[in-house]
Every structure is written in structure tokens, then in C-alpha cells.
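Summary of the model geometry
Take a look at the letters that make up each chain.
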Amino acid sequence: MNQVSPMSIVQITDIHLFGSENHKMLGMPTIKSFQAIVDKLHAFGNELDLLLVTGNLSGDGNLQSYDNLQSLLNPLRIPVYWLPGNNDCAIAMDNILNMGMISRRKSFKRGGWNFILLDSCVPGCSHGYLAGKTLDRLNRELTILGDHPTLVALHHPPFAVNSPWLDHSSLQNPQELFAVLDRHPQVKLVLFGHIHQEFQRQRGQVHYLGTPSTGLQFRTQSPTLMIDSKYPGFRLLKLYPNGMWETTVERVPYFQPLELVATVS
């Protein structure tokens, strides 16, 4: 149907690496699960054009956790762009994740598409909020960049996912985001993480996609925090210059006995 070759990008999210490689998240050795993801990405060879990392790269904001991430990503030899999540340290990320093929740019063009990355984090809080200056920047860049198809990414979901404990920490001002996006029909996709599960919703002409974590998964539609037994995953997207797109969620058969029931205060 499309004669022009698409651009292939991968979204990974909620890696939760720690300063200590032995540290686990509810029983999940996140550095090992992420290594399994990286091994899977290696199998694509030179098919991948870029990697988009949508927050919670670190589980503790430790400087060493970002060094660990950089060491794992560099062998892929593809451009990497990132944005922070609620567990990240933005200052440490800016200082460390800006070398080689890892970029801290938050607006760029590739394959006929525009990409705009937003910081939805609130210091010291798990929920998300887009500040007025962030929304102004989004509106300004969408106006300047013109009619090319556009992908917007942030960490926090702008929709409830029917898990009360998790919905409490979603984006707190989604209507303000929607108000900006409604003025710019070139926006085709909004990607996010935070929910550790697959999610898809369409609002108007925009498709909103949530992606599994590269580590442990949250059980869907659960009133409290419960861990799912699904494998770690990532999202593969093919973006065509005419604005069409395709996506699949890929999972890696990495198994680790976990604390399948957990609670949060």
C-alpha cells in the first residue's frame, strides 16, 4: 500500500535501572531484563532508525544508574532520545545522557516526521502535570514546524487506565494538553509510559499509545498495585512520510519470580 520505506523507531520506557546492579524492583533485576530487551533490539540489525525512551530510565535517580544505561545503549549504535519520568533526576540525565548517539534534544525531525518530547514531571511527586511554559512551547513548535506528521511523547498518561491506584498518578491536566493538540491536525501519535502495560486510545484523529515496561508489568484494571506475569516489552513503530503508521508491542521471554502481590502506601 505504501511504496515509500517507513522509518522504524522503538519506544522503551520504565527501565528503572539502579545505581547498584544488584538492586531489584519487587524482585525484578531490572538491569538483566533490560539487557534482554537490548539483545532483542540487536537482532533487528540496521533496521532501526532511532530509539525513544519515555521516562523512568532510573529507579533511584542515581548517577551510576545513568552510566549503566549508557553502557547498555551505546552498543546499539542508533540515535537515542529521552525524556524524564517521576523517578528520574533531570539534572543527572542532562549531565550524563548527552554523549555519542544519545541526545538530550527535545525537538527534532526524522523521516518526514516531527518529534516533540515533553517533561510532565512534578518534582517530588509521582503524578504528572504539564506546566504552562511547556504547553506554550508545544503550541509554538507545532505552529512553526508546520504540516509534517508529528509524534508527541511524555511520561504520564493523559487518560485513566481503570486502575485506581495508578490513575491517581496520571497527568493531572490532560484537557490543557488536548486543547493544544486540537489546534494542530498534523499530530498523529502521542506516546507515553508510566503505566507498565499496553494501552491504546483514540481521541479525534490522534492515537494515544501506552507501552509496557522493560521490566515488571502492572496488572490491568487492578484497584491496588499488583504485578502481572507478562514478559517485559517495548513498542515498535513504522512511520511513513505521508503520516500513516503501524505499531506492534514486542515482548521478550525473560522470566523472573516476582512478588505478584504488592501494596503501596
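Residues numbered from 1 in each chain as written. Predicted model: local features only at pLDDT ≥ 70, side-chain atom pairs only at ≥ 80, totals over all residues. Heavy atoms only, no water.

1. What about the layout of surface pockets?
Roughly 190 Å³ of internal volume is contained in the second largest pocket. Considering the residues around the second largest pocket, the lining is formed by L117, L118, D119, C121, Y129, A131, K133, T134 and R137. Broken down by element, the lining of the second largest pocket gets its largest block of residues, three residues, from helix α4 (residues 132-145). Taken together, the residues of the lining of the second largest pocket break down into five nonpolar, one polar and three charged. (1 Å grid on protein atoms, 1.4 Å probe; cavity = no way out; pocket = protein on both sides within 12 Å on 5 of 7 lines; lining within 4 Å. Points joined across faces, edges and corners; volume = space filled by probe spheres on them. Helix = DSSP H or I, 4+ residues; strand = E, 2+ residues; numbered from the N terminus. Nonpolar A, V, L, I, M, F, W, Y, C, P; charged D, E, K, R; others polar.)

2. Considering the pairing of strand β6 (residues 113-117)
Of all five residues making up β6, five are buried, and the element is well covered by its neighbours. Neither face of β6 is exposed, since W113, F115 and L117 on one face and N114 and I116 on the opposite face are all buried. Between strand β5 (residues 107-110) and β6, which pair antiparallel in sequence order, lie two residues; one of them, G111, sits at a positive phi of approximately 55°. Direction of pairing for β6 relative to strand β7 (residues 150-153): parallel, over a ladder of four bridges. Along β7, the bridge assignment pairs L117 with A153. Read as a crossover between parallel neighbours, the route from β6 over α4 to β7 is right-handed. (Buried < 20%, exposed > 50% of the residue type's maximum accessible area, 1.4 Å probe, protein only. Pairing = 2+ DSSP bridges. Right-handed = clockwise from strand over helix to strand, strands pointing away.)

3. Quick notes on the sheet that holds strand β4 (residues 102-103)
Spatially, β4-β3-β2-β1-β13-β14 is the arrangement adopted by the six strands of the open sheet, whose pairing is mixed. Across the chains shown, the open sheet's two edge strands, defined by having one partner strand only, are β4 and β14 (245-251). As defined by bridge partners, strand β1 (residues 7-12) adjoins strand β13 (residues 233-239) across five bridges and the pair is classed as antiparallel. Considered in β13, the bridge of M7 is made with L239. The strands touched by helix α1 (residues 30-42) within the sheet are β1, β2 (50-54) and β13, with β13 carrying the most contacts at an inclination of about 30°. (Contact = heavy atoms within 4.5 Å. Axes fitted to C-alpha atoms, helices over the stretch in contact; angles between N-to-C directions.)

4. Comments concerning the nonpolar core
The biggest cluster of nonpolar side chains holds 64 residues, and the ones touching the most others in it are I12, F34, L41, L51, L97, L138 and L181. In terms of nonpolar packing, the next biggest core, distinct from the first, is built from 17 residues, L52, F108, L151 and L189 among them. (Core = buried A, V, L, I, M, F, W, Y, C linked by side-chain atoms within 4.5 Å.)

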